[in-house]
Amino acid sequence: MTDLLVKNAYVIDPLSGIRGEIMDIAIRDGKIVEDTGSGAPVIDAGGCLTFPGGIDSHSHVCGTKVNFGRYMSPEDMRAGRTARKGVMRVTSGYSVPTTFGNSYRYSTMGYTTVLEGAMAPLEARHTHEEFTATPHQDMLANTLFDGNWAIMEAVRDKDVKRAAAIVAWTLDAVKGFAIKLTNPGGTEAWGWGKDVHSVRDEVPYFGVTPAEIIETMIRANELLNLPHSVHIHCNNLGVPGNYQTTLDTIDLAPDLNRNRQSLYLTHVQFHSYGGSTWRDISSKSEDIARAVNSRPQVAIDMGQIMFGRTTTMTADGPMEWKLYMLHHNKWSNHDVELETGSGIIPVYYGRKSLVNCVMWAIGLELALLINDPWQCMLATDNPNGAPFVKYPEIIALLMSSRYRDIERSAIDPRTEHYVPLFAIDRELDWYDIAVMTRAAQAKALGIERIGKGHLAEGAEADIAIYPLKPDELDPAADYQQVMAGFAKTRYTIKRGRVVARNGEVVVEGANSTIWSRADVPPEYDLNRDAEFVKKFEQYYTVRMRNYPVQDIYLPRGYFISTEASL
Amino acid sequence: MRVILNTGRTIRQGSYVERKTSADYMEEAASLNMNRMDMFELAVEDGNHIRVRSDHGEVVMKARAVEGLIRGQVFVCLGPYANHLVGPETHGTGMPDFKTTQVTLEPTTDPVPTIRELMERCGGVGYED
Amino acid sequence: MKIEDVVCTFCGCLCDDLVVEVENNRVCSVENGCTLANEKFMRDHRLKNPIRRDGNGWKAVSYDEAIRETAEILLDADRPLLYGWSGTHGEAQSVGVHLAELIGGVIDNTSTVCHGPSIMAIQEVGHPGCTLGQVKNRADVIVYWGANPIDAHPRHMSRYTTYADGFFIENAFRDRKVIVADVRQTESSAIADEFLKIDRGGDYAALSALRAIVRGKGDLIPSRVAGVTREQLFRVAEICMKAKFGAIFFGLGLTMSPGKYKNIRNAIELTQELNRHTKFTISPMRGHWNVYGSNEVFTWITGYPYAIDFARGIAFYNPGETTSVDILMRGECDACLVVASDPGAHFPRACAEHLARIPTVQIDPHVNATTHLATLQIPVAVTGIDAEGTAYRMDGVPIRARKLFTGSYPNDQEILEKIFARVKEAKRS
Ligand code: SF4
Ligand SMILES: [Zn+2]
């Protein structure tokens, strides 16, 4: 039995309805309890801001394409290196840090759970290997189905139940957490160097449309009762005028789930562009926010960009090709047979680029124009919009219109003609930030049920204590302190153990991997489906028996079990 | 005769690579594959021994006539014999010039050394399996 | 006992469809494998026990002694080199990297003398690639450049390219064009629809000519480039541009020839150029079954695929300086740990001489050329036969190699973990 008592904490715990109270938190064996035994070690939080551990609901930190981002970028590796020190291993990398680099940096910012935004099923084993080497965070993996041949055939046959069965089989095989659709249909078209350009475009050969894929998968997801909803990266990412595709996608989402959204749209900043070329690109954040505000069945994350150098990486192969044609820097691509694609290019977002300034404004606008912070989560699509170490700056921008005005004077002066940002005076408060960085994520991912993202009795004792005293600070004026405070916790506690302190990592760590297992009736078990097995053996280059990720890759695996309604 | 030494994988080299003490491996690794006309000019036949010299070393190998090599080029599968001749300079790339070593050929009756002998010449102590 | 879907731990094709029969801790038959696989599984011959150099001879030592002595050698070294890694599983490679970090050594893998230059080129211009199944199911044009798959990757053509029927290619042999570019005729060039026979050292020029034609600058091309006629270059460029899906595979014929990484860069840029017309991918023919795994593991831990120097506490990478051949040539390292490879056979003689001068420990199942140079050798289980673990195929697909029976040898990971623990313990006190 290990106890820990956190005293004098200024707690904001939105899922428990706590909006800022000085209180004590008792911990036993990694969980929040009513009381500790006497003599438990005490941490005096001294009235500092205390949140449940941070949760990133969309980040690229582990797996084939992330590692390729490192592999191809020694210049990025050199840009962020630290030496071995105490329990900390050597780290490298700025925008695509090594696994330990990611883990330590998230940890010192108070993040204890991270969802990897894109895992190709065929390469899942790789993602899990890197999860194990990211020891301070519990990890989850979005599993890519956007170009899955079996799924597209089920969509073509209008067979939602078969689609559900394929998802259930795949998540179980690859230990995935949720359904991810990255440019649905587009990644298959990219197998021929093509793309789809609206939700009604047909995918070559398969004859299905993105809209049909999306609709089928939303229903399949709910048939399986999965914790998270379908998680989508819409078609046409980064294309001027793409906001219409985004609105069309939002329109496809029915309201099927009482506890959470039915469709999660990721990095919506990249999907909120007006205009028709790079010359007249403008912000359509108001249209998008209006759509989100009127539909409780969707939730989004910002996909904020921040100025500076970073690396873009996504399963959206055709999009990376388009970016390459713009930047002419190095370009990597990696199609994954029968499943999906991916691409990587380095980018630099400049304050002198009008396009980049518009993009920067749109992300902030989404967060400020969407009324309910539970529907808009803070993320940069790390590292696509910016490395996650920029989160504190984003928080400061959202909490201080003064800071936004200062930035305004540093960016391209034409920006204000294309964006509404500087007319918005909303300033988010501590509670909003707590929602947007952990509580909303827990709810959206459906992991509050396993004790994530809140501090109620029985919850996981994942806690972040920031050196910020809400009673003594005016975030609108003291944005510098806000930034510094969110960059380094005083304490990060993971499962009841202090893992980082004042920016220093103090334990090696041992994380869990969380995945979803939907039990389906035997007639939906694809292992017994002769047709599925035959096609698998014929077209994959890996035998079906060698495809599933063995349990040994999840040393502390934890699955959320559901009963499918099939 | 001056020629260019090229090296690479062969299926026989791959087959025996995990049994480097075997006669099969030695047979393959010590074969100097040549164009027939070059062999004719040197007055050697299949199986005759040839002393191969480069700026970096010398080693005796066994001539073998093959199709597909142009005159002036010889091919030896990658392994300790070829590497007795290859220089260590990498021109800042980490990679030696494995495919373009200038060598001279001269017929000899000296024996082809075993791998163990080659390694002993490098300062090692032979191990008998 | 018959075991199905066995993974062949020989070459980068990492075929996973072997059927192997095991009796009394020995493989007695192999189905589906190529000659290389048959040799590997059927004629497996191991070093019996750890051995130690003793004056001008050798003597047997226990595992414990061998491990203790290895730890001492590494602790005693100022500039240790940890080399090899492509012939073992990822879990062992990972321990190796942590060990190198702990002792402030240099860790390098066999890419240093195979596709190291490809990695350097990728770091300049990127890598448009794909998994092998994408090629099998779609590609109607295949290019092998400076590669001889029939000898080096015998089932590459039958599983993934020339002879592999796929979803959109129902009759591969009829519907697929194969182009081979090489400086010499090989068995692979013999079956090509087009064989570009290139003058030695002429790869860069031939690639540039193709790039020019694809760019629409064909009028610049003289009547012959690097031994290839203008007509053939145009013909080949045309085939590529008309492809629905083209896939280039390149081998050591490009990485080891004059120009080294610049050749690869040119080939990648040709691929990027072709993507303006159609879909094209390019992939290195990685040699050892898990050399790509060593790149992956090194990268997620250190940020770099090979040639990592921990001497200054941070991870430092500079191929040409921190690569094994250069370090050995300069006589810089004062101890070497060789794991799952054979630098005695595959490095230039000058490097082998240095290995013989310094304490060299080899962890390897077999007696090989390095054995004779070493001070100590520790035999281990063979991954894919009596040890299991993760491997990365040449296209990055991770596959778990099976263990076919439990033998008496410890595996690489166990030995390395014991060495690590000893070194760590000594460093603490
Ligand atoms: S091609 Fe390579 S992996 Fe496949 S069976 Fe032959 S040696 Fe093994
Ligand atoms: Zn993403």
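A short tour of the structure in this document, coming up. (Residues numbered from 1 in each chain as written. Chains lettered and ligands numbered in written order. Predicted model: local features only at pLDDT ≥ 70, side-chain atom pairs only at ≥ 80, totals over all residues. Heavy atoms only, no water.)

1. Observations regarding the site of ligand 1
Near ligand 1 you find Cys8, Phe10, Cys11, Cys13, Leu14, Cys15, Cys34, Leu36, Ala37, Pro154 and Arg155 of chain C, and these make up its full shell. Residue composition of the shell around ligand 1, grouped by class: ten nonpolar, no polar and one charged. (Near = heavy atom within 4 Å. Nonpolar A, V, L, I, M, F, W, Y, C, P; charged D, E, K, R; others polar.)

2. Comments concerning the sheet that holds strand 15 (residues 308–314) of chain A
One open sheet holds the four strands; their spatial order is 15(A)-17(A)-16(A)-8(C), and the pairing between them is mixed. One side of each edge strand has no neighbouring strand; the edge strands of this open sheet are strand 15 of chain A together with strand 8 (128–130) of chain C. With direction set aside, neighbouring strand axes in the sheet form an average angle of 25 degrees. Helix-sheet contacts for helix 1 (residues 64–71) of chain A involve strand 15, strand 16 (332–335) and strand 17 (343–349) of chain A, and the interaxial angle to strand 15 of chain A is about 140 degrees. (Pairing = 2+ DSSP bridges. Helix = DSSP H or I, 4+ residues; strand = E, 2+ residues; numbered from the N terminus. Axes fitted to C-alpha atoms, helices over the stretch in contact; angles between N-to-C directions. Contact = heavy atoms within 4.5 Å.)

3. Notes on the interface of chain C and chain B
Facing the 63 residues of chain C at the interface are 53 residues of chain B. Linking chain C to chain B there are five salt bridges. For Glu18 of chain B, the salt bridge is made with Lys40 of chain C, and the minimal N-O distance between the two is 3.3 Å. The interface formed by chain C and chain B holds 16 residue pairs in polar contact (both at pLDDT 80 or more) in total. No other element matches helix 17 (residues 349–357) of chain C, which puts six residues into the side of chain C that touches chain B. Partitioning the side of chain C that touches chain B into residue classes produces 30 nonpolar, 20 polar and 13 charged. (Salt bridge = Lys/Arg side-chain N within 4 Å of Asp/Glu carboxyl O. Polar contact = N/O pair within 3.5 Å; in protein donor to acceptor, adjacent residues only side chain to side chain.)

4. Remarks on the pairing of strand 2 (residues 18–23) of chain C
Moving residue by residue along a regular strand, the side chains alternate between the two faces of the sheet. All names here are of chain C. Bridging between strand 1 (residues 2–6) and strand 2 involves three bridges; their strand directions are antiparallel. Paired with Ile3 across the bridge in strand 2 is Val20. Pairing analysis gives five bridges linking strand 2 to strand 3 (residues 26–31), with the strands arranged antiparallel. Directly across from Glu23, in strand 3, lies its bridge partner Arg26. Hairpin connection of strand 2 to strand 3: two residues between the antiparallel strands, including Asn24 at a positive phi of 45 degrees.

5. Quick word on the side chain of Glu123 of chain A
Examined against the element boundaries, Glu123 of chain A turns out to sit in the loop between strand 7 (111–119) and helix 4 (124–132). The charged side chain of Glu123 of chain A is buried without a salt bridge, its nearest counter-charge being Arg393 of chain C at 7.5 Å. A polar atom in the side chain of Glu123 of chain A sits 3.2 Å from the side chain of Thr64 of chain A. In contact with Glu123 of chain A, not counting residues within four places along its chain, are Thr64, His334 and Val336 of chain A together with Thr131, Asp395, Gly396, Val397 and Pro398 of chain C. (Buried < 20%, exposed > 50% of the residue type's maximum accessible area, 1.4 Å probe, protein only. Lys, Arg positive; Asp, Glu negative; His and termini not counted.)

6. Brief notes about the layout of surface pockets
As a volume, the largest pocket reaches approximately 970 Å³. Around the largest pocket, the lining comprises 42 residues; the ones closest to its centre are Glu91, Ser94, Val95, Gln413 and Glu417 of chain C. Sorting the residues of the lining of the largest pocket by element identifies helix 3 (99–108) and helix 4 of chain A together with helix 3 (90–103), helix 14 (291–302) and helix 19 (412–428) of chain C as the ones contributing at least two each. Each residue belonging to the lining of the largest pocket can be placed in one class, and the counts come to 17 nonpolar, twelve polar and 13 charged. (1 Å grid on protein atoms, 1.4 Å probe; cavity = no way out; pocket = protein on both sides within 12 Å on 5 of 7 lines; lining within 4 Å. Points joined across faces, edges and corners; volume = space filled by probe spheres on them.)

7. What about the packing of helix 12 (residues 354–369) of chain A against helix 13 (residues 391–399) of chain A?
Residue and element names in this part refer to chain A. The N-to-C vectors of helix 12 and helix 13 enclose an angle of 60 degrees; their axes lie 10 Å apart at closest approach. When the interaxial angle is binned, helix 12 and helix 13 end up oblique. Crossing handedness for the pair helix 12 and helix 13: right-handed. Here helix 12 contributes Trp360, Leu364, Ala367 and Leu368 to the contact with helix 13, which in turn contributes Ile394, Leu397 and Leu398. (Parallel < 35°, antiparallel > 145°, perpendicular 65-115°, else oblique. Left-handed = near helix turned anticlockwise from the far one by under 90°.)

8. Concerning the packing of aromatic side chains
The full count for this structure, using the stated rule, is 43 aromatic pairs over all chains. Among the aromatic side chains, those forming a connected cluster through ring pairs are Trp149, Trp192, Tyr205, Phe206 and Tyr539 of chain A together with Phe167 and Phe168 of chain C. In this structure, Lys284 of chain A packs its charged tip against the face of Tyr243 of chain A, placed 5.1 Å from the ring centre. Taking the ring centre of Tyr25 of chain B as reference, the NZ or CZ of Lys20 of chain B above it sits at 5.8 Å. (Phe/Tyr/Trp six-rings, centres within 6.5 Å; stacked < 30°, edge-to-face > 60°. Lys NZ or Arg CZ within 6 Å of the ring centre and 35° of its normal.)

9. What to know about unusual backbone geometry
The omega angle of the peptide bond from Asn382 of chain A to Pro383 of chain A is -5 degrees, so this bond is cis rather than trans. Backbone geometry places Trp85 of chain C, a non-glycine residue, at a positive phi of 80 degrees. Here Trp85 of chain C lies in the loop between strand 6 (80–84) and helix 3. In this model, Lys260 of chain C sits at a positive phi of 40 degrees, which is unusual for a non-glycine residue. Relative to the elements of secondary structure, Lys260 of chain C occurs in the loop between helix 12 (252–255) and helix 13 (261–274).

10. A look at the pattern of salt bridges
Close approach of charged atoms allows side chains of opposite charge to pair. All names here are of chain C. Counted under the stated rule, the structure contains 77 salt bridges over all chains. Here Glu388 and Arg400 are joined by a salt bridge, their closest N and O atoms 3.3 Å apart. Here Glu388, found in the loop between strand 20 (376–378) and strand 21 (389–392), pairs with Arg400, found in strand 22 (residues 398–401); they are twelve residues apart in sequence, far enough to count as distant.

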